[in-house]
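Working through the structure, step by step
Each chain, written out:
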Amino acid sequence: SVSSVLSRAYDNDITPDTIFCNSVIDAYVRSGDVERAHAVACAMFRVRALGSATADGTNERAVDTQLLLSSESRALADERALGGATTAGEGADDLSSSQLDELLARAGAAKVAPDIRTYNTLLKALARQCSDTPSRNGAHRSALERVFALRAEMSSLRVVADHVTEATTIDACVRAGDLARARA
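**With respect to a nonpolar patch on the surface**
A surface patch of nonpolar side chains, about 240 Å² in accessible area, is lined by Ile170, Val174 and Leu179. Mapped onto the elements, Ile170 comes out in helix H8 (residues 163-176).

Given below as structure tokens:
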């Protein structure tokens, strides 16, 4: 499992890089585990923020990835990160939030910096949520708003959108039934 790969990397003092992290995030997203994908992305953002704070004495604003998940999903992700409740298939291989931070910090901020692929993978997860959520409670609209919030964060961090970013954003709009935004 993806969790066991992370656990082995941690146990064997392997130094990850952005490609490794993006692959882990993508594997979690493909398996439908957005909470764990989010946890890895958050660790990347924390390491980047700490690296920029120590490099020049300022604290670069980290992406507010809390926008990526509903409050219920965040609570579940926080509980998992703290070693709390688990579901089928989870358990001993899961790293705590501090272990994940430690694993990524081994490489340093420059080597695990989120890039366009990181953002595109997270956008893909959100696009799926646009159609996976019941429309009667407006949750698909909330997922769509999180897509645009993440796009705004990308812009503020000077991460240039590519054709995948644009196609994924359009896909999210279509899935959420917002054809006007999809055409814009």
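Resuming the write-up.
**A word on the side chain of Asp178**
With respect to the helices and strands, the residue Asp178 is situated in the loop between H8 and helix H9 (179-183). If we ignore the near neighbours within four places in the chain, the residues touching Asp178 are Arg141, Leu144 and Cys173.

**Let's talk about the nonpolar core**
Membership of the largest hydrophobic core comes to 40 residues, with the highest contact counts inside it found for Leu6, Ile25 and Val40. Here this core gets eight residues from one element, more than from any other, and that element is helix H3 (residues 34-56). Those residues in contact with Val40 that lie beyond four places of it in its chain are Leu6, Cys21, Val24, Ile25, Tyr28, Leu100 and Leu104.

**Examining the pattern of salt bridges**
Tallied over the entire structure, the rule returns nine salt bridges. The partner of Arg46 in a salt bridge is Asp101, and the shortest N-O contact between them spans 2.7 Å. Residue Arg46 is found in helix H3, and its partner Asp101 is found in helix H5 (residues 97-105); the two are separated by 55 residues along the sequence. Residue Arg46 is classed as partly exposed on the basis of its relative accessible area of 33%. Taken together, the shared-partner salt bridges connect Asp26, Arg30, Arg117 and Lys124 into one network.

**Some words on the confidence of the model for the chain**
Of all residues in the chain, 72% have pLDDT values of 70 or greater, and the mean over the chain is 76. Taken element by element, the chain is modelled with least confidence in helix H4 (residues 71-81), mean pLDDT 42, and with most confidence in H8, mean pLDDT 94. The low-confidence segment residues 55-91 (pLDDT under 50) makes 63 contacts with residues lying over four places distant or belonging to another chain.

**Description of the packing of aromatic side chains**
Throughout the structure, instances matching the rule amount to one aromatic pair. Note on Phe45 and Tyr119: the rings are 5.9 Å apart at their centroids and 35° apart in plane angle, and the pair reads as tilted. Of the two residues, Phe45 sits in helix H3 while Tyr119 sits in helix H6 (residues 116-132), which places them 74 residues apart along the sequence. Overall, Phe45 belongs to the buried group, its relative accessible area being 2%. Here Arg181 stacks its cationic end above the ring of Phe148, 4.0 Å away from the centre of that ring.

What counts, and at which threshold
Residues numbered from 1 in each chain as written. Predicted model: local features only at pLDDT ≥ 70, side-chain atom pairs only at ≥ 80, totals over all residues. Heavy atoms only, no water. Patch = residues over 30% accessible without salt bridge, like charges linked within 9 Å, V, L, I, M, F, W, Y side chains within 5 Å. Areas by Shrake-Rupley, 256 points an atom, 1.4 Å probe, with all protein chains shown as cover. Salt bridge = Lys/Arg side-chain N within 4 Å of Asp/Glu carboxyl O. Helix = DSSP H or I, 4+ residues; strand = E, 2+ residues; numbered from the N terminus. Contact = heavy atoms within 4.5 Å. Core = buried A, V, L, I, M, F, W, Y, C linked by side-chain atoms within 4.5 Å. Buried < 20%, exposed > 50% of the residue type's maximum accessible area, 1.4 Å probe, protein only. pLDDT = per-residue confidence, 0-100. Phe/Tyr/Trp six-rings, centres within 6.5 Å; stacked < 30°, edge-to-face > 60°. Lys NZ or Arg CZ within 6 Å of the ring centre and 35° of its normal.

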